[in-house]
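Descriptive structure summary
Given next are the chains, with one letter for each unit.
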Amino acid sequence: MAKKSFRQAINEALTQEMRRDPRVVLMGEDVAGGLGSPGEDDAWGGPMGVTKGLMPEFGRERVLDTPITESGFIGAAIGAAATGLRPVADLMFVDFMGVCFDQIFNQAAKFRYMFGGKAVTPVVIRTMFGAGFRAASQHSQCLYPLFTHIPGLKVVIPSSAYDAKGLMIQAIRDDDPVIFFEHKMLYDDMDEVPDEPYAIPFGEANLTREGDDVTVVALGRMVKLANEAADALRRDGVACTVIDPRTTSPMDTDSILESVGETGRLVVVDEAHPRCGMAADVAALVAQEAFRALKAPVRMVTPPHVPVPFSPALEDAYLPTAARIVEAVRGVMA
Amino acid sequence: MQLNREQLLAAWRMMGTIRAFEDRVHAEFAAGGIPGFVHLYAGEEASAVGVCMNLDHRDKIASTHRGHGHCIAKGCDVPGMMAEIFGRASGLCGGKGGSMHIADLEKGMMGANGIVGGGPPLICGAALTAKTLKTGGVAVAFIGDGASNQGTTMESYNLAKAWMLPAIFVIEDNGYAESTASNWSVSGSQIKRAEGFGIPAVQVDGIDFFAIHDAAAEAVERARGGGGPSLIHVKLNRYHGHFEGDAQTYRAPGEIERLRRERDPLAHFRRRVTEAGLLEASQLDAIEAEVATAIETAVAAAKSAPMPPPPNLLTDVYVSY
């Protein structure tokens, strides 16, 4: 099977869905780029080049560059979704959600419920997240816990190129608003990705490692670190199950509870801030539903509760590492 | 534009329905039967009806928190609206939306909206749908003078023009954003703001159904013909408070009584059509009586309708799972 990057996987999913369904349109700042400029067309092909080549194939009627106007075009994508298109809107950095959050959580998230089930809003909002790029406080956050908190939104956080393609296809075919989180440090990661279209259902976790001693739950780029930690621990005779929920809304709580029922030990790894984040959410779930199975207190591995710093020295200290996960696993084994 | 007798009767029926609906909701709210927040449209009827009479099934509107008039003018089911406001299972949204969120997508009504400035970006999307799928439809945002100061509104002007969308922005300027006067809160002029974005704009008198109708006809024609967005600034008046229960101490003594006496859009319409010999007063009276009966029936039905059953709490969210 062909190896493809996370970036190519998303591009392929978008291309195949746009070929399949003429109602799928792409919009955002510089999704093609170069509009009205004297130089090249499709100059950027989207932030990080993820949507390169789509405009030449589908034309500017379906690949719409927008002004820098997040409230405007995210709102427009939602309005278009409610009236018959299936837009994929590119929000570039999730940090910019602050500018257009109202349109997402008061409009898109609410339509179906508030209108008594008579509306669908099949919009996908793609957005980059995560630290490690030396991009500092306003271009490095995770923020998916904010969206997971809002009923009516679906929240997807792929950790591999294979998942990125299958989850993107599912997101486009889904009738609910989906916030699709792409970790900016994963774009060049390679994985085996089938050429044909395939959809990965939401709410089904992926077990990337299996073992009887400790359950490790991780999301996004943290899945890689959790796998590294699990492999290192395996060499020392400690067997971990690593669970990647893949979507935090809906979330596959059954897989987590089942695994904790077997191991009795839980480490949750999350790149989001610790307060009211996914790590705390999973810890609370297990405390409520599987307390008697626990043989040790739950451990959370997260950054400290501070903004993302710029200096490489500080950012490296900020981010969770495989070593910290190993340490946490040893802690629950002690 | 010359309207025929049937159209004039339809306009009268619709404006009368809005007035009767709102006056009745006012009374029912005061009596304690209606929960939550209610914002009434009485006094502004000519705007919703004058605009929406130019629209058809292809067209979409987005409304405001003061949305009952737009719903009625776009053809939403009136008993269903009343039941919704009373929070009943038979309401247009099954009782989940209430006054501020009445919607009927099948009628092209994209929802009243609890967020000031929520609608303009949405209709850019609806207009994009119409343009992309070549439906020939247009999309209209009703915007209060308060919402005209929101960034979303001005972003939408810019986006609608950049994308040359079949979008129409109707600013319903009733003089007050909540309790704050628009002659203080709106810097510059609505018309010049639109013109600054290259959007043709016109101001009309909100008691004049005919002026609004003609302005909207021109905007709709421009939009359908690929000429891009337009703006209509309607100067009108609201008879009730920002919300029901608002004591309106910010208004001048006697202001509302004077407006009702001198600036009433229904009285203006009646005078115009009877003086011109287009309709008989008796025809108008007969419709008024029919409307009163219809509203009475809608209220009785709403009050006797069952509340939504508790299991409905968990439906209509993630229904695909």
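Because the structure is predicted, anything quoted here is derived from the model rather than measured. Sequence order as written defines residue numbering, which begins from 1 separately in each chain. Labels are handed out in written order, letters beginning with A for the chains and numbers beginning with 1 for the ligands. Reporting of local features is limited, given that this is a predicted model, to residues whose pLDDT is at least 70; pairs of side-chain atoms are given and counted only at 80 or more, and all residues count toward the totals for whole chains, interfaces and linings.

1. Some words on the domain arrangement of chain A
Residue and element names in this part refer to chain A. Let me state the cut-off plainly: Where each domain begins and ends is defined by an automated method or by a domain database. In this text, helices come from DSSP runs of H or I with a minimum length of four residues, and strands from runs of E with a minimum of two, each type numbered from the N-terminal end.
When cut into domains, chain A gives domain 1 (3–192) and domain 2 (206–333). Computed over C-alpha atoms, the centres of domain 1 and domain 2 are 27 Å apart. Taken together, the elements giving at least two residues each to the side of domain 1 that touches domain 2 come down to α6 (144–148), β6 (154–156), α7 (161–173) and β7 (178–183).

2. Quick word on the nonpolar core
The nonpolar side chains of a soluble globular protein tend to be buried, and buried together. Short version of the rule: To define a nonpolar core, we join buried Ala, Val, Leu, Ile, Met, Phe, Trp, Tyr and Cys residues through C-beta atoms within 7 Å and take the resulting set. With C-beta atoms placed from the backbone, a residue is buried if 20 or more other C-beta atoms are within 10 Å of its own, exposed if 12 or fewer are, and partly exposed between those counts. By the convention adopted here, residues are in contact when the distance between their C-beta atoms, placed from the backbone, does not exceed 7 Å.
By size, the foremost hydrophobic cluster in this structure holds 201 residues, and its most contacted members are Val 216 and Val 329 of chain A. Counting residues per element, this core draws most heavily on helix α1 (residues 5–31) of chain B, at 10 residues. Both domain 1 (3–192) and domain 2 (206–333) of chain A contribute no fewer than three residues apiece to this core. Residues contacting Val 216 of chain A, with those up to four places away along its chain left out, are Ala 226, Ala 230, Cys 240, Thr 241, Val 242, Val 267, Val 269, Ile 325 and Val 329 of chain A.

3. Thoughts on the pairing of strand β4 (residues 86–93) of chain A
All names here are of chain A. Rules: Two strands pair under a simple rule: DSSP has to find at least two bridges between them.
Here β4 lies mainly inside the structure; 6 of its 8 residues are buried. Sheet topology note: the strand β2 (residues 24–28)/β4 ladder contains 5 bridges and is parallel. Across the sheet, residue Met 27 finds its bridge partner in β4, namely Ala 89. Across 4 bridges, the pairing between β4 and strand β5 (residues 124–129) is parallel. The residue bridging Val 88 from the neighbouring strand is Val 124, located in β5.

4. Points about the interface of chain A and chain B
Worth spelling out the cut-off: Three residue categories are used. Nonpolar comprises Ala, Val, Leu, Ile, Met, Phe, Trp, Tyr, Cys and Pro, charged comprises Asp, Glu, Lys and Arg, and polar comprises the others, including Gly.
At the junction of the two partners, chain A supplies 37 residues and chain B supplies 37 residues. Of all elements in the fold, only α3 (70–81), α4 (97–108) and α5 (111–114) of chain A reach the threshold of two or more residues within the side of chain A that touches chain B. The element that contributes the greatest number of residues to the side of chain A that touches chain B is α3 of chain A, accounting for 9 residues. Of the residues that constitute the side of chain A that touches chain B, the class distribution is 15 nonpolar, 15 polar and 7 charged.

5. Concerning the packing of helix α2 (residues 45–52) of chain B against helix α9 (residues 209–224) of chain B
Residues and elements named next belong to chain B. This is how it is decided: Axis definition: a line fit to C-alpha positions, over the contact stretch in the case of helices; interaxial angles, taken between N-to-C directions, run 0 to 180 degrees. Each helix crossing is assigned a hand: it is left-handed if the near helix lies turned anticlockwise from the far helix by less than a right angle, otherwise right-handed if that turn is clockwise.
In contact at an axis separation of 8 Å, α2 and α9 are set at 35° when each is read in the N-to-C sense. In the crossing of α2 with α9, the sense of the turn from one axis to the other is right-handed. Touching Ala 46, Ser 47, Val 49, Gly 50 and Val 51 of α2 are Phe 209, Ile 212, His 213 and Ala 216, all from α9. Of the residues that constitute the contact of α2 with α9, the class distribution is 6 nonpolar, 3 polar and no charged.

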